[in-house]
Number of protein chains: 2
Amino acid sequence: MVWDAWGVPAGHTPLPEQIRGLLGQVFGVSGEPAIRRDEGDVPLRPPVLSADRRAGLARVVGEQHLSTAHIARLRHAGGKSTLDLLRRRAIGPQDAPDAVVYPADHAQVADVLAYCSEQGIAVVPFGGGTSVVGGLDPVRGRFETVIALDLRRLDALLDCDPVSGTATFGAGVTGPRAEELLAAHGLSLGHFPQSFEFASIGGFAATRSSGQASAGYGRFDDMVQRLRVATPAGTVELGRAPASAAGPDLRELFVGSEGSLGVITEVTVRVHPVPETTDHMAWSFPDFAAGAAALRAVVQAGAAPTVLRLSDEAETGLNLARSKDVGGAPVSGCLAVTTFEGSAAHVAARSAEAADLLRAAGGTELGPDPARAWEHGRFAAPYLRDALLDAGVLCETLETATTWNRLAELKTQVTTALTESLTAQGTPALVMGHISHTYPTGASLYFTVVAKLLDDPITQWLTAKQAAGDAIAAAGATITHHHAVGADHRRWLPDEIGELGVRVLRAVKHEIDPAGILNPGTLLP
Amino acid sequence: MVWDAWGVPAGHTPLPEQIRGLLGQVFGVSGEPAIRRDEGDVPLRPPVLSADRRAGLARVVGEQHLSTAHIARLRHAGGKSTLDLLRRRAIGPQDAPDAVVYPADHAQVADVLAYCSEQGIAVVPFGGGTSVVGGLDPVRGRFETVIALDLRRLDALLDCDPVSGTATFGAGVTGPRAEELLAAHGLSLGHFPQSFEFASIGGFAATRSSGQASAGYGRFDDMVQRLRVATPAGTVELGRAPASAAGPDLRELFVGSEGSLGVITEVTVRVHPVPETTDHMAWSFPDFAAGAAALRAVVQAGAAPTVLRLSDEAETGLNLARSKDVGGAPVSGCLAVTTFEGSAAHVAARSAEAADLLRAAGGTELGPDPARAWEHGRFAAPYLRDALLDAGVLCETLETATTWNRLAELKTQVTTALTESLTAQGTPALVMGHISHTYPTGASLYFTVVAKLLDDPITQWLTAKQAAGDAIAAAGATITHHHAVGADHRRWLPDEIGELGVRVLRAVKHEIDPAGILNPGTLLP
């Protein structure tokens, strides 16, 4: 990935003319991109790694799989939130891990952790590098040295059982590679978060990722059948059956542990045959409330869509759901997208049931094209975010989830908190939202915020984020539906799980990681 | 419940003539019921509860809600496994809790735990009393006194949200009462384990219960949205949204903790509208392998049955799936049952899709009657078990789960282990099985074992159970799919979650329950 932005260079294109015009009207910026630094010119904090320790780590992974090079360190300096990029682009020396190690397999991961635990070296597990919550910050904690543990070499499909519909991956396998490896067996995972192109299987598990097809295939934590985890206290393998009553489910401690309780090295996931057919349909609703009620009807009836999402009026109006048309002719109402996958008969029955429910709830069919356009552009939004940033415009996202009965109120509360915070700081703000993950009892809410970059954009966003997070916590909703806790949400964890919950997590961490080397900057407040 | 058997007196009927004949042929027993003792005549270990402590507990719950009476102690002396009943019926003094306390609400539960933690009194949380794994054994651990904490007074529907489809129950609400309370709102929970008539909401959560409609409505752990748990270290409330990425899911530590980490006092569960219609259908398959493949096809296609089960040849032959016909004319092949619930259109589409798959896999439709007969008698099996026991015949069940590709081999391994163990001990054995819970990646296996009661029936069953459990562990399957760990499965927990997993659970317990008062006889080895 590009060091100071999302993705690959080819994904970065100039802002379309109509967006530049819009930015000029709303924020008074020209839309001219800023000049960006070359990664070779970025000053880094000097590495702190003694020759002995360097040799010790090299003994585990091999000299050629350990790097203290400038570029390697810089590219492991953090994740890809707007805050990360603002920090990356700031003048002055960047913080970065002191070294990057690339273990070959579970045994080497376990040995690295044992060595670092004994030596007192902080370890930040690193998958695709796509965290947007500060989960990859190179935090040393009480240690002088921090290394990034890059899992890209754990890149194999280790086992595949088409009868049971399971596959075991090394943690470093990326989304596209997982699909490619499975396709050779006629199978698919069906996990398509916005980070799909770069993020890894281990990262999906460690952060409780949720993909755009979660209505059909579940969240990633639902997909996980078995985990192998290396910890400073040894290895744990969890998950012996599709379901079990053998006490607490310890998988659920390691799933979502964000590298703070161990390094997930292998994940067995539920997979399914590549679907025979996919049906796309777009719908328009007069307003967000009507659309949300329609989605609720579909998911509560068990009509079983694969994708089910709804953009609010603002997002629909700006056409953000169809990236190539962003800023084009305004669209009224609220756009919803459904897809259905499976055999032709299965898809026909489900889509007919859902269509009846959506129509009864006030929806109008727009045909498949807007749904296909959404699907086509669905991984592009982070590039647009980067182009806005280049043009002096802040763009960031945050998300939460709550029960259906509280969804509308929560949306208003978060929108108000963000708008008031940014306005008070001296910039207009556009706050847009969508529902992208639905459950019988509730749904996620995903917000996109656009504002003018002020003189101190880091403080600007931290202030707005604090207001939004406080609104979410006050409403009793979750501080994150699929982005994880990382560094950015730690302050709200006691609200989420209580002080006793935090104590339980600390007790588990102390048992597993008594030296406290594992990702000291994340999860626990 | 009856002190030395399942259920209510009215449920107990003599063995049908045709079964007595069968027992005579196979086991050489007459089928004459043994005389059972009156509960007033059973000698109990004298209670150990000082006057001070009695007064201390009475201060929390009120004098009238604390009992040291013989009958109260005896009825809280354990669960309802065959082993429990054999022990209950043995000559000599019975062990029993020293007192039974009946708190009114969460606050009183918390206060009881605080008092017992300070005083060093072991506490066995008690819901419906239906454990079949020794989860209610009145074990004192290192304390001289053990009390049963009976949650029956926590019997309210505390909140109901028909929009989100959630309901919050006190832990003591029983299965039928939950359905009754929800029916007033047009809602249903749809959790129908065999213990349904007596077991409680808190018990369902504490043991990871799974009901017969799990294909449609999920296991109980899937249904849980929010928990309130009283512990000696304070109260924890978990579950803020339908789904969250806010770190490890601590609900999954308390769900399945079997009273060893806290007392679940309130549970918010997913509910659904009372279905418009239910479609019943029975199927016959030539053999178990064909039937299992057919069930797999249905669940992997997402055809979404509500109930999906398959009896093996032995169970089908004895008609155990239809309790009123047990021992009647033998039936060949393997019986499968499906039900579908929802709107008429929803049910029609799903049942048609499933029927196509079942037919393609070699199934023959038998019409709805055998499925309705199964449903009608589905809570009766424990009464039949008791009648067999009265007649000198051992009858017990055990269960596991594994992936589809290992199901047939596991079934053979467990059947062989049970048969060989019992035969070696000097009795023929009938081992029957069924699949009653299905998942895209695998299924449960439920075994019913019938043998002649030998002179030392407790050792007889412990020996057979050990053989079956070892076979399950050696196969890498789970030691329990929905019965929980209790006392009976503790020895296999290190196989299941590893030594490090056990250490993690101990660390959590030490943090929450430093005195170790909570259910010392269960879960942790």
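Presented here is a report on the structure given in the accompanying data block. (Residues numbered from 1 in each chain as written. Chains lettered and ligands numbered in written order. Predicted model: local features only at pLDDT ≥ 70, side-chain atom pairs only at ≥ 80, totals over all residues. Heavy atoms only, no water.)

1. What about the relation of the copies chain B and chain A?
At an RMSD of 0.0 Å, chain B and chain A line up after a rotation of 180° and a shift of 0.0 Å along the axis. Both copies are brought into coincidence by an operation consistent with a two-fold rotation axis. Of all interface residues in chain B, 99% are interface residues in chain A too; the two copies therefore contact each other through one and the same surface. (Least-squares fit on C-alpha atoms with pLDDT ≥ 70 in both. Contact = heavy atoms within 4.5 Å.)

2. Looking at the interface of chain B and chain A
The interface is formed by 81 residues belonging to chain B together with 80 residues belonging to chain A. Summing both partners gives a buried area of about 5800 Å² for chain B against chain A, and 61% of it is carried by carbon and sulfur. Ranking the residues of chain B by area buried against chain A places B:Arg240, B:Ala245 and B:Pro248 at the top, with a combined share of 13%. Between chain B and chain A we count four salt bridges in total. Here B:Arg503 ties to A:Glu511 by a salt bridge, and the two come within 2.9 Å at their closest N and O atoms. For the pair chain B and chain A, the number of links is 42 residue pairs in polar contact (both at pLDDT 80 or more). Of all the secondary-structure elements, those providing two or more residues to the side of chain B that touches chain A are β8 (224–231), β9 (234–238), α10 (251–254), α11 (288–301), α13 (344–360), β16 (393–403), β19 (442–452) and α18 (493–512) of chain B. Of the residues forming the side of chain B that touches chain A, the biggest block, 13 residues, is contributed by α18(B). Partitioning the side of chain B that touches chain A into residue classes produces 37 nonpolar, 27 polar and 17 charged. (Buried area = accessible area lost by both parts, 1.4 Å probe. Salt bridge = Lys/Arg side-chain N within 4 Å of Asp/Glu carboxyl O. Polar contact = N/O pair within 3.5 Å; in protein donor to acceptor, adjacent residues only side chain to side chain. Helix = DSSP H or I, 4+ residues; strand = E, 2+ residues; numbered from the N terminus. Nonpolar A, V, L, I, M, F, W, Y, C, P; charged D, E, K, R; others polar.)

3. Side note on the packing of helix α2 (residues 51–61) of chain A against helix α5 (residues 106–119) of chain A
Two measures define how a pair of helices packs: the angle their axes make with one another and the distance between the axes. All names here are of chain A. Relative orientation of the contacting elements α2 and α5 amounts to 160°, with a least axis distance of 9 Å. In terms of axis orientation, α2 runs roughly antiparallel to α5. The interaxial crossing formed by α2 with α5 has right-handed handedness. Residue-level inspection shows Asp52, Arg53, Gly56, Leu57, Val60 and Val61 of α2 in contact with α5, the latter providing Gln108, Asp111, Val112, Tyr115, Cys116 and Gln119. Grouping the constituent residues of the contact of α2 with α5 by class yields six nonpolar, three polar and three charged. (Axes fitted to C-alpha atoms, helices over the stretch in contact; angles between N-to-C directions. Parallel < 35°, antiparallel > 145°, perpendicular 65-115°, else oblique. Left-handed = near helix turned anticlockwise from the far one by under 90°.)

4. A closer look at the packing of helix α13 (residues 344–360) of chain A against α13(B)
Their axes nearest at 10 Å, the elements α13(A) and α13(B) cross at an angle of 170°. In this view, α13(A) runs roughly antiparallel relative to α13(B), as classed from their interaxial angle. In contact with A:His346, A:Ala349, A:Arg350 and A:Glu353 of α13(A), α13(B) contributes B:His346, B:Ala349, B:Arg350 and B:Glu353. Split into classes, the residues belonging to the contact of α13(A) with α13(B) amount to two nonpolar, two polar and four charged.

5. Regarding the sheet that holds strand β6 (residues 166–170) of chain A
Residues and elements named next belong to chain A. Strand order in this open sheet of five strands is β5-β6-β10-β8-β9, and the pairing throughout is antiparallel. In this open sheet, the two strands that pair with only one neighbour each are β5 (157–161) and β9 (234–238). Pairs of neighbouring strands in the sheet enclose a mean axial angle of 10°, with direction left out of account. When β6 meets strand β10 (residues 263–270), the two strands line up antiparallel, connected through five bridges. Following the sheet pairing, Gly170 is matched in β10 by Glu266. (Pairing = 2+ DSSP bridges.)

6. With respect to the nonpolar core
Residues A:Phe220, A:Ile435, B:Phe220 and B:Ile435 are the most contacted members of the largest nonpolar core, which totals 202 residues. Here B:Phe220 is in contact with B:Leu189, B:His191, B:Ile201, B:Phe204, B:Ala205, B:Ser209, B:Val267 and B:Val269, once residues within four sequence places are set aside. Counting residues in hydrophobic clusters, the runner-up holds 32 residues, among them A:Val61, A:Ile121, A:Ile517 and A:Leu518. (Core = buried A, V, L, I, M, F, W, Y, C linked by side-chain atoms within 4.5 Å. Buried < 20%, exposed > 50% of the residue type's maximum accessible area, 1.4 Å probe, protein only.)

7. What about the sheet that holds strand β2 (residues 99–101) of chain B?
Residue and element names in this part refer to chain B. One open sheet holds the four strands; their spatial order is β1-β2-β4-β3, and the pairing between them is mixed. Both edges of this open sheet fall to β1 (66–67) and β3 (122–126), since each of them pairs with a single strand only. Pairing between β2 and strand β4 (residues 146–150): three bridges, direction parallel. Following the sheet pairing, Ala99 is matched in β4 by Ile147. Its contacts with the sheet put helix α5 (residues 106–119) on β2, β3 and β4, and the angle it makes with β4 is roughly 170°.

Spatial relationships are all this shows, so hold off on functional conclusions.
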